[in-house]
Amino acid sequence: MRIDGRDFRTIWLDEGGRDVWVIDQRRLPHRFETARLTSSQAVADAIADMTVRGAPLIGASAAYGMALAAAEDPTDAGLERAGRMLESARPTAVNLRWAVERMRRHLGGIAEAGRPAAAYAEAARIADEDVAVCESIGRHGRRLIEQARKPGKDRIDVLTHCNAGWLCAVDWGTALAPIYEAHRAGLPVHVWVDETRPRNQGASLTAWELAREGVPHTVIADNTGGHLMQHGRVDLCIVGADRATRQGDVCNKIGTYLKALAAEDTGVPFYVALPSSTVDWRIGDGLAEIPIEERGAEEVTHISGLDAEGEVRTVRLTPEGSPAANYGFDVTPARLVTALITERGVCPASEADLIALFGGEERAA
Ligand code: MRU
């Protein structure tokens, strides 16, 4: 991604090759700030407080957290401790566990003295692979956008939820990668952006990304999508995922399920874009088995934005004393998913199709 003429990924190393830099996503869209993470604990904190967020980026961050851990204490016990700390930073996105386990496996076969260098090299591989995987998702997904074009309509309307763009990954993103590909290829794509309460990743992050790429878009209140679908104003939905099961159930930001229901009712294709690192091969039934993060009530009771003086302020929305609940994610059953868009191609959301695409090696991981 390019920001003010400079190329950025969402995570990179400093010149010394030890500390980790990230974009502080809590400040967007009003401030573009970066943060330096100097310890494995700082990486775990950045994941927990959502300085970094989005399933693939949480995975890449955890990998660099393990690299910092290897520099701090390369013993088996040290890596084990750091791995547990990082894994517990957030519960739902499975890329976190995937990255920590991959780092542990990789380092397990290497003598302690060689572990720091090996850990940084493996974390860099994870980050580079993520970029390639997301680019490939973009190429596969772009075809679906082309296919959804309606004769006589001057634009292709895509609805997306939350933020599954550059900022959720190392670059490109998942659900937005096909949109960027389509836009760059000259297709007249327009994006309906769900605001995505309570943290507003759609209104804050997706809208910011799309604006920077010059992709036409409109931010809508979360409950608008069904109405637009009923009136033929959505040609397809593309969302991301934080965890999918081997049978194709998909867990994504809260509110995704309601969009999938509306899409099913109105005959709008509902696609989920995800890298294979988001598939949890150990579980089948998403509703029963995926842990759903519950976050602080203040994310629901309060909201932040720019005031007239250009200062970011947080204000209360709800009456003092009204309790609030904050479930971060929901599960969309495979039957409501038209297809999955993966780095290896588009496939139906089913165990047989996922296995046909990914075979045994990822399932064992
Ligand atoms: O709570 P977040 O912001 O880390 O949630 C993750 C998301 O942004 C979405 O659920 C997204 O659609 C999937 S991440 C590829």
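Since this is a predicted model, take the numbers as computed values, not measurements.

This paragraph deals with the packing of helix α1 (residues 40-48) against helix α3 (residues 76-87). Axes are the key here: two packed helices are described by the angle between their axes and the distance separating the axes. Remark: α1 packs on α3, axes separated minimally by 9 Å, with the N-to-C direction vectors making an angle of 15°. Our classification of the angle between α1 and α3 gives roughly parallel. Every pair of crossing elements has a handedness; the one defined by α1 and α3 is right-handed. In this structure, α1 uses Ser-40, Gln-41, Val-43, Ala-44 and Ile-47 to contact α3, whose residues at the interface are Ala-82, Met-85 and Leu-86. For the contact of α1 with α3, the per-class residue count stands at 6 nonpolar, 2 polar and no charged.

Ile-11, Ile-47, Ile-145, Ile-179, Leu-210, Leu-236 and Ile-238 are the most contacted members of the largest nonpolar core, which has 79 residues in total. Counting only domains with at least three residues in this core, you end up with domain 1 (2-129) and domain 2 (140-364). Aside from chain neighbours lying at most four places away, what touches Ile-179 is Ile-145, Val-158, Val-189, Val-191, Leu-210 and Val-215. Of all hydrophobic cores here, the second largest spans 28 residues; its members include Ile-220, Ala-241, Val-268 and Leu-340.

Turning next to the packing of aromatic side chains. Per the stated rule, a full pass over the model turns up 5 aromatic pairs. Between the aromatic rings of Phe-8 and Trp-12, the centroid separation amounts to 5.5 Å while the plane-to-plane angle is 70°, which identifies the pairing as edge-to-face. Residue classification places Phe-8 among the buried residues on the basis of a relative accessible area of 8%. The exposure class assigned to Trp-12 is partly exposed, which follows from its relative accessible area of 22%. Each ring, one from Phe-8 and one from Phe-32, has its centre 5.2 Å from the other, and the planes form 75°; the classification is edge-to-face. Highlighted residues: Phe-8 in the loop between β2 (6-7) and β3 (11-13) and Phe-32 in the loop between β4 (20-23) and β5 (34-37), separated in sequence by 24 residues.

Here we come to the sheet that holds β5. Reading across from one edge, β3-β4-β5 is the order of the 3 strands in this open sheet, with antiparallel pairing throughout. Of all the strands in the sheet, just β3 and β5 have a single pairing partner and so form its edges. Averaged over all pairs of adjacent strands, the angle between strand axes in this sheet comes to 25°, irrespective of strand direction. Bridge count between β3 and β4: 3 bridges; the pairing is antiparallel.

What follows covers the domain arrangement of the protein. Along its sequence, the protein is carved into domain 1 (2-129) and domain 2 (140-364). Using C-alpha coordinates to define each centre, domain 1 is positioned 24 Å away from domain 2. The interface is formed by 33 residues belonging to domain 1 together with 36 residues belonging to domain 2. Between domain 1 and domain 2 the total buried area reaches about 2,700 Å² when both faces are included, carbon and sulfur atoms providing 54% of it. For the pair domain 1 and domain 2, the interface holds 4 salt bridges. Arg-90 is the partner of Glu-293 in a salt bridge, and the nearest nitrogen-oxygen pair spans 2.6 Å. Across the contact surface, domain 1 and domain 2 share 16 residue pairs in polar contact (both at pLDDT 80 or more). Its residues assigned to classes, the side of domain 1 that touches domain 2 comprises 18 nonpolar, 6 polar and 9 charged.

What counts as what
Residues numbered from 1 in each chain as written. Predicted model: local features only at pLDDT ≥ 70, side-chain atom pairs only at ≥ 80, totals over all residues. Heavy atoms only, no water. Axes fitted to C-alpha atoms, helices over the stretch in contact; angles between N-to-C directions. Helix = DSSP H or I, 4+ residues; strand = E, 2+ residues; numbered from the N terminus. Parallel < 35°, antiparallel > 145°, perpendicular 65-115°, else oblique. Left-handed = near helix turned anticlockwise from the far one by under 90°. Contact = heavy atoms within 4.5 Å. Nonpolar A, V, L, I, M, F, W, Y, C, P; charged D, E, K, R; others polar. Core = buried A, V, L, I, M, F, W, Y, C linked by side-chain atoms within 4.5 Å. Buried < 20%, exposed > 50% of the residue type's maximum accessible area, 1.4 Å probe, protein only. Domains from an automatic or database assignment. Phe/Tyr/Trp six-rings, centres within 6.5 Å; stacked < 30°, edge-to-face > 60°. Pairing = 2+ DSSP bridges. Buried area = accessible area lost by both parts, 1.4 Å probe. Salt bridge = Lys/Arg side-chain N within 4 Å of Asp/Glu carboxyl O. Polar contact = N/O pair within 3.5 Å; in protein donor to acceptor, adjacent residues only side chain to side chain.

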